[in-house]
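Here are the chains, one letter per residue:
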Amino acid sequence: MKEGEAHVCTGPVRQRTRRRLTGSRVLCLSAGQVLLVRHEEPQSGASYWVLPGGGREPGERFEDAARREVREETGIEVRLIRRLGVPDAVSDVTYALFLATPLRHAEAIPLVDLSAERYLRAAAWHRVTEAAPLGPLDPAHWGFLAPRIKRWLRSKPSRAVERA
């Protein structure tokens with residue numbers, strides 16, 4: 001292109017959606033397991049598993065909300081490895097997603113009063129395998145994580161989380 005000429009884009013234009021993020025979720029992997037929390041819909045009683053996480057408090061950073069929410073919902077202290085991207089094709093995402101490892105692999109026991117929680121009902125570690133990398137997570141919403149979890153499963157134990 002010569003100086004002064006305008007650049008004309010002739011290919012398809014991909015618009016990136018800017019999401020309004022209000023909280024954090026955490027993919028915590030350890031010992032061939034993923035840390036999850038069970039939610040229950042108040043009206044229908046339908047139950048499902050999700051990654052731990054929740055909303056930010058005023059002035060709280062996404063990273064701090066992620067660590068706090070995992071601790072409150074599961075009793076597990078985590079070390080955040082990095083922030084993960086969520087594909088644009090995944091709709092209704094209002095959270096920043098982080099990859100983490102527990103400081104100590106222990107039983108997941110919520111620290112909050114479950115009777116006072118609107119959705120949260122339990123926390124647990126779930127085995128993940130190459131054949132079932134999502135455990136009980138709904139693949140319609142969490143399927144984009146399957147390749148990352150499979151990559152983690154194939155990695156050497158000492159560097160497994162950093163490669164996910």
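Everything discussed here concerns the structure shown above.
Residues numbered from 1 in each chain as written. Predicted model: local features only at pLDDT ≥ 70, side-chain atom pairs only at ≥ 80, totals over all residues. Heavy atoms only, no water.

**A look at the pattern of salt bridges**
1) Next: Considering all chains together, one arrives at 9 salt bridges under this definition.
2) Next: Arg68 is the salt-bridge partner of Glu60, the closest N and O atoms lying 2.8 Å from each other.
3) Next: Judged by its relative accessible area of 13%, Glu60 is buried.
4) Next: When its relative accessible area of 10% is taken as the criterion, Arg68 is described as buried.
5) Next: For Asp64, the salt bridge identified is with Arg67, shortest N-O distance 2.8 Å. Here the residue Asp64 and the residue Arg67 both occupy positions in helix H1 (residues 62–74), the gap between them amounting to 3 residues, near one helical turn.
6) Next: Given a relative accessible area of 29%, Asp64 falls into the partly exposed group.
7) Next: Here the residues in one salt-bridge network are Glu57, Glu60, Arg68, Glu69 and Glu72, joined through shared partners. (Salt bridge = Lys/Arg side-chain N within 4 Å of Asp/Glu carboxyl O. Buried < 20%, exposed > 50% of the residue type's maximum accessible area, 1.4 Å probe, protein only. Helix = DSSP H or I, 4+ residues; strand = E, 2+ residues; numbered from the N terminus.)

**Points about the pairing of strand S3 (residues 47–50)**
1) Next: Both strand S2 (residues 33–40) and S3 contribute to a ladder of 4 bridges, which runs antiparallel. Pairing of His39 across the sheet is with Tyr48, part of S3.
2) Next: Following S2, the chain reverses through 6 residues before pairing antiparallel with S3; Gly45 in that reversal takes a positive phi of roughly 80°. (Pairing = 2+ DSSP bridges.)

**Structural notes on the nonpolar core**
1) Next: Core analysis: the largest hydrophobic core is formed by 42 residues, its most contacted members being Leu27, Leu51, Leu97, Trp142, Phe144, Leu145 and Ile149.
2) Next: Secondary-structure elements contributing two or more residues to this core are strand S1 (23–30), S2, S3, H1, strand S5 (78–84), strand S6 (95–102), strand S7 (120–127) and helix H3 (146–154).
3) Next: For this core, the element with the most residues is S6, which contributes 6 residues. (Core = buried A, V, L, I, M, F, W, Y, C linked by side-chain atoms within 4.5 Å.)

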